[in-house]
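Understanding the architecture of this molecule
Here are the chains, one letter per residue:
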Amino acid sequence: MTDSKRKRVLSGIQPSGNLTIGNYIGAIRQWVQYQDQFDAYYCVVDLHAITVDYDQTALAAKTREVAALYIACGLDPHRNVIFVQSHLTEHAELAWLLTCNTPLGWLQRMTQFKDKAAKQEEGSVSAGLLTYPILMAADILLYHAEVVPVGEDQKQHLEFTRDLAQRFNHRFGQEVFTIPEPMIPLAGARVMGLDNPTAKMSKSETSQYHAVYLLDEPDMARKKIMRAVTDSGREIRFSDDPERAGVNNLLNIYQALTGQSREAIEAHFATARGYGDLKKEVAEIVIETLRPIQERYRELTSDMGELDNLLRQNADKARAVAQPTLQAVREAMGLLKKS
Ligand code: TYM
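Residues numbered from 1 in each chain as written. Predicted model: local features only at pLDDT ≥ 70, side-chain atom pairs only at ≥ 80, totals over all residues. Heavy atoms only, no water.

A few words on the overall build of the protein. A tally of helices and strands in the protein yields 13 helices and five strands. A compact globule built from 339 residues would reach a C-alpha radius of gyration of about 20 Å, and the protein, at 21 Å, matches this within 12%. The principal-axis extents of the C-alpha atoms in the protein amount to approximately 75 × 45 × 40 Å. When the 339 residues of the protein are sorted by exposure, 51% land in the buried category. Pairs at least 24 residues apart make up 77% of the contacts formed inside the protein by residues separated by at least 6 positions. If you sum the accessible surface of the protein, you get close to 16,400 Å²; carbon and sulfur atoms cover 49% of it. Seen as two clouds, the 39 positive and the 44 negative side-chain charges of the protein have centres 2 Å apart. (Helix = DSSP H or I, 4+ residues; strand = E, 2+ residues; numbered from the N terminus. Rg over C-alpha atoms; globule rule 2.2 N^0.38 Å. Buried < 20%, exposed > 50% of the residue type's maximum accessible area, 1.4 Å probe, protein only. Contact = heavy atoms within 4.5 Å. Areas by Shrake-Rupley, 256 points an atom, 1.4 Å probe, with all protein chains shown as cover. Lys, Arg positive; Asp, Glu negative; His and termini not counted. Charge placed at Lys NZ, Arg CZ, Asp CG, Glu CD.)

With that settled, the discussion passes to the domain arrangement of the protein. Segmentation of the protein into domains returns domain 1 (8-184 + 304-333) and domain 2 (218-298). Placing a centre on the C-alpha atoms of domain 1 and another on those of domain 2 gives a separation of 31 Å. At the junction of the two partners, domain 1 supplies ten residues and domain 2 supplies nine residues. Buried surface at the junction of domain 1 and domain 2, both sides included, amounts to about 850 Å², of which 81% is carbon and sulfur. Three residues, Ile21, Ile25 and Ala72, lead the burial of domain 1 against domain 2; their summed loss comes to 49% of the area buried on that side. Our enumeration of links across domain 1 and domain 2 arrives at zero salt bridges. At the surface where domain 1 touches domain 2, the tally comes to one residue pair in polar contact (both at pLDDT 80 or more). Among the elements that line the side of domain 1 that touches domain 2, the one with the most residues is helix α3 (residues 59-72), at five residues. (Domains from an automatic or database assignment. Buried area = accessible area lost by both parts, 1.4 Å probe. Salt bridge = Lys/Arg side-chain N within 4 Å of Asp/Glu carboxyl O. Polar contact = N/O pair within 3.5 Å; in protein donor to acceptor, adjacent residues only side chain to side chain.)

Moving on to the site of the ligand. Near the ligand you find 27 residues, and of these Tyr132, Asp139, Asp153, Val191 and Lys203 are the closest. Within the side chain of lysine 203, an N or O atom sits 2.7 Å from an oxygen atom of the ligand. Contact with the protein chains covers 97% of the free accessible surface of the ligand, which is 710 Å². If you list the elements that add at least two residues to the shell around the ligand, you get β1 (7-13), α1 (21-33) and α7 (127-142). Here the residues of the shell around the ligand sort into twelve nonpolar, ten polar and five charged. (Near = heavy atom within 4 Å. Nonpolar A, V, L, I, M, F, W, Y, C, P; charged D, E, K, R; others polar.)

A word on the side chain of glutamine 255. Within the secondary structure, glutamine 255 sits in helix α10 (residues 245-258). Leave out the neighbours within four places in its chain, and glutamine 255 touches Ala187, Phe238, Gln260, Arg262 and Ile265.

You will see that histidine 144, though not glycine, has its phi angle at about 50°, which is positive. When you line up the elements, histidine 144 lands in the loop between α7 and β4 (147-149). Relative accessible area serves as the criterion here: at 28%, histidine 144 is assigned to the partly exposed category.

Structure below.
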């Protein structure tokens, strides 16, 4: 397939905390599955990671870790443009131009802003946390991405991006931006916390048994899954009942990683003796999924120089697309041309 026939996609992950199986199931797995069909741009969004309290001595290492994990999960760095957001000044520049076209009220009603702001200490919520969705819109719109593969929690940010792009195109009377569509997986769009299945599994949650990390040793991954919160029943069935959210979450993880239908999975577990059997099988499939990822990760990170080279080359490829878009935006907004 030629590039012009392939759909342009862009997505990104923040280098904050440790990547979880939620990030893999909700996002990276889809990126890998469809890499032959997409003209794809995947960035490590380090400028987003600094919107909340963070450790500046760990940020660079985390950024490399996430880039290496993209590749270790199966993204071919020669077929996908894998890059670091802050290596292109275009992202921050477009974000400012869009900021001046964003109604304040749109930002204030973002649920992720409200949730994250509530978790910060009083007085320490940065303006960057409020304007975060504008930077995300800039990431997407710079590349004319048609499709944005993300987990369900990013749906509101995608709607915001679409609204902002439409508003801009309308205000300046040109089709400067392509309107993107979200792509949310059918199974595993929202993996829940193992210790609290009513809350989303999150890499910024620090409690010990909350999430399986992509780099967890097999014994640790097994331990976390065997300790997952369930209920006092025995029946292993998919369910919307909040009381049964723990079992439902384990079944969703199993479904996402095996690709089997709900019916087949329920039939498979019909003779199980209890939730322990389900947990054991979920642990095995998770461990088997992570094993090759971890092996490849170790190989890749044994030569950081090569990884850095790759990121540099890919940033150049990204810039070749981002720069003309930014130029078109500057022109549409009437800024004096740089000589
Ligand atoms: P972030 O870093 O929180 O998460 C990265 C991706 O993982 C998905 N995800 C999940 N999916 C299923 N279940 C979960 N428990 C779960 N937790 C996370 C997220 O939906 C996301 O797809 N704002 C974005 C990063 C971003 C971005 C972008 C994404 C910045 N610019 C441009 C797409 C396009 C974020 O914080 O993702």
